[in-house]
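Close look at the chain arrangement
Below are the chains, spelled out letter by letter.
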Amino acid sequence: MNKGVFVLGTDTDVGKTFVTAGINYILRKNNFNAISLKPVQSGGIVKDNKLISGDIEFIKKIAEVKEDYEIMNCYCFKEAVSPHLASEIENVCIDKNRIINHYKKLYEKYDFCIVEGAGGSIVPLIRDEYYIYDLVKDLNIPVVIVTTIGVGTINQTVLTVSFLKSLGIQIRGLIINKYTGTYYEDDNIEVIKSITGLDIIAVINKLDLDGKEGFISKARKEFDKNLHIDKLLNLVIRKDGGDYSE
Ligand SMILES: Nc1ncnc2c1ncn2[C@@H]1O[C@H](COP(=O)(O)OP(=O)(O)OP(=O)(O)O)[C@@H](O)[C@H]1O
Ligand SMILES: C[C@H](N)[C@H](N)CCCCCC(=O)O
Ligand SMILES: [Mg+2]
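As the structure is a computational prediction, the values presented were derived from the model and not from experiment. (Residues numbered from 1 in each chain as written. Chains lettered and ligands numbered in written order. Predicted model: local features only at pLDDT ≥ 70, side-chain atom pairs only at ≥ 80, totals over all residues.)

Things to note about the overall build of the protein chain
Helix and strand counts for the protein chain stand at 10 helices and 11 strands. Taking 246 residues into account, the globule formula puts the C-alpha radius of gyration at 18 Å, and the protein chain, at 17 Å, falls close to it. Projecting the C-alpha coordinates of the protein chain onto the three principal axes gives extents of approximately 50 × 45 × 35 Å. For the protein chain, the residues scored as buried account for 42% of the 246 residues in total. (Helix = DSSP H or I, 4+ residues; strand = E, 2+ residues; numbered from the N terminus. Rg over C-alpha atoms; globule rule 2.2 N^0.38 Å. Buried ≥ 20, exposed ≤ 12 C-beta atoms within 10 Å, placed from the backbone.)

Let's talk about the sheet that holds strand β6 (residues 112-116)
Sheet architecture is open: 7 strands sit in the order β5-β2-β6-β1-β9-β10-β11, paired in parallel fashion. Two strands in the sheet have a free side with no partner beyond their single neighbour: β5 (73-77) and β11 (200-205). Neighbour-to-neighbour, the strand axes of the sheet open up by a mean angle of 20 degrees, direction not taken into account. Pairing between strand β1 (residues 4-9) and β6: 4 bridges, direction parallel. Following the sheet pairing, V7 is matched in β6 by E116. (Pairing = 2+ DSSP bridges. Axes fitted to C-alpha atoms, helices over the stretch in contact; angles between N-to-C directions.)

Quick notes on the UniProt feature "active site" (unreviewed entry) in the protein chain
Taking the numbering used here, the UniProt-annotated feature "active site" (unreviewed entry) corresponds to K38. Here K38 shows up in strand β2 (residues 34-42). The exposure class assigned to K38 is buried, which follows from the 25 C-beta atoms found within 10 Å. Setting aside chain neighbours within four positions, we find K38 in contact with S53, D55, I56, M72, N73 and E116. (UniProt positions renumbered as here; feature names shortened; annotations may be inferred. Contact = placed C-beta atoms within 7 Å.)

Quick word on the confidence of the model for the protein chain
Close inspection of predicted coordinates is inappropriate in any region flagged by low pLDDT. In this model, the protein chain carries an average pLDDT of 94, and 94% of its residues clear a pLDDT of 70 or more. Confidence estimates for the predicted assembly give a pTM of 0.96 and an ipTM of 0.99. (pLDDT = per-residue confidence, 0-100.)

Remarks on the environment of T17
Along the chain, the position of T17 falls in helix α1 (residues 16-29). On the neighbour-count criterion, T17 (24 C-beta atoms within 10 Å) is buried. Along the sequence, T17 and F58 sit 41 residues apart, while their C-alpha atoms lie 7.5 Å from each other. Residues in contact with T17, not counting those within four places in the same chain, are D55, F58, I59 and E116.

As for helix α8 (residues 183-196)
The end-to-end C-alpha distance of α8 is 20 Å, a good match for the 20 Å that 14 residues give at a rise of 1.5 Å each. Taken together, the buried positions of α8 are E185, N188, I189 and I192. Buried residues of α8, viewed axially, fall in a sector of 100 degrees; they line one side. Facing away from the buried surface of α8 by more than 90 degrees, the exposed residues are Y183, Y184, D187, E190 and S194. Positioned one or two residues after α8, G197 has a phi angle of 70 degrees, which is positive. (Expected span 1.5 Å × (residues − 1). Arc of directions from axis to C-beta.)

Side note on the site of ligand 1
Residues in close proximity to ligand 1 total 17 residues, the closest being T12, G15, K16, T17 and F18. Counting residues per element, the shell around ligand 1 draws most heavily on α1, at 3 residues. Of the residues contributing to the shell around ligand 1, the split by class is 6 nonpolar, 6 polar and 5 charged. (Near = placed C-beta within 6 Å. Nonpolar A, V, L, I, M, F, W, Y, C, P; charged D, E, K, R; others polar.)

So, the nonpolar core
Of all hydrophobic cores here, the largest spans 66 residues; its most connected members are V5, F6, V7, C113, V115, V144 and I175. The biggest single contributor to this core is α1, with 7 residues. Setting aside residues up to four positions removed in sequence, V5 forms contacts with I114, I141, P142, V143, V144, R172, L235 and V236. (Core = buried A, V, L, I, M, F, W, Y, C linked by C-beta atoms within 7 Å.)

Here's the deal with the environment of I216
Assignment of secondary structure puts I216 in helix α9 (residues 215-226). Overall, the presence of 16 C-beta atoms within 10 Å leaves I216 in the partly exposed class. For the pair I216 and A202, spaced 14 residues apart in the sequence, the C-alpha separation amounts to 19 Å. Once you skip the residues sitting within four places of it in the chain, I216 turns out to touch K61 and I62.

Digging into the pairing of β6
Here β6 lies mainly inside the structure; 5 of its 5 residues are buried. The side-chain alternation of β6 yields two buried faces, one formed by F112, I114 and E116 and the other by C113 and V115. Strand direction decides the pairing type here: β2 and β6, joined by 4 bridges, are parallel. Residue L37 lies in a different strand from β6, and its bridge partner there is V115.

Quick look at the structure:
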């Protein structure tokens, strides 16, 4: 089975990690051995005196993944800025081959590997040289785009889609996040569907996560309701039957 998807955002903070956690949770609940990879985290958090990826911590909690952080994250930087700058501040050169080889290993070991970007598609990993979209191309992996749906998101989403299409990147669909049920969000969904012709894989409601208490069960309930396993399998299984080595 081959098997993976790259979760791209129209921007930072749209909910890529939230959605990635949900995809992992539903796949694992259906007995698939799914894993996540955050190639580059900027804005890492300190836990037990160690800098770790907060995105991976969230995914581990929601989807009950026991793997170590190092398995699910290649680079983790302290500054919450663009990855290229965060890596420069720490004098670390991001090696794209290290990420690609890491992904290959996960790809071989797990049923599905869900890769999360950083920010949007044109975020640099290496200044003037290597961007999130380059990584998507190098991994030869289809994408799902996560977007919020308030005023301003038609433009962001359509630009992201048309940019990726211009690079020949295969887009499996859109996941709408932080939906609050307004008339203009409903209209934005219709307009985005009509312009892009893409499938809306899921619409995830904006939850009241109010910090800590009960957020895991609230999030899981939302995923149970709105992330359907058949749609997710369509997302992560390559329709052309090909695999990474091609
Ligand atoms: N559906 C939702 N309901 C409520 N809060 C949400 C929802 N989705 C995401 N959030 C919150 O919004 C914030 C940003 O979400 P998230 O971390 O998933 O964004 P991201 O796209 O992964 O950002 P980054 O580019 O930093 O990786 C987080 O505090 C998260 O808990
Ligand atoms: C720090 C932040 N939460 C993400 N990890 C990185 C977002 C980079 C965005 C770069 C940009 O588009 O200007
Ligand atoms: Mg994230």
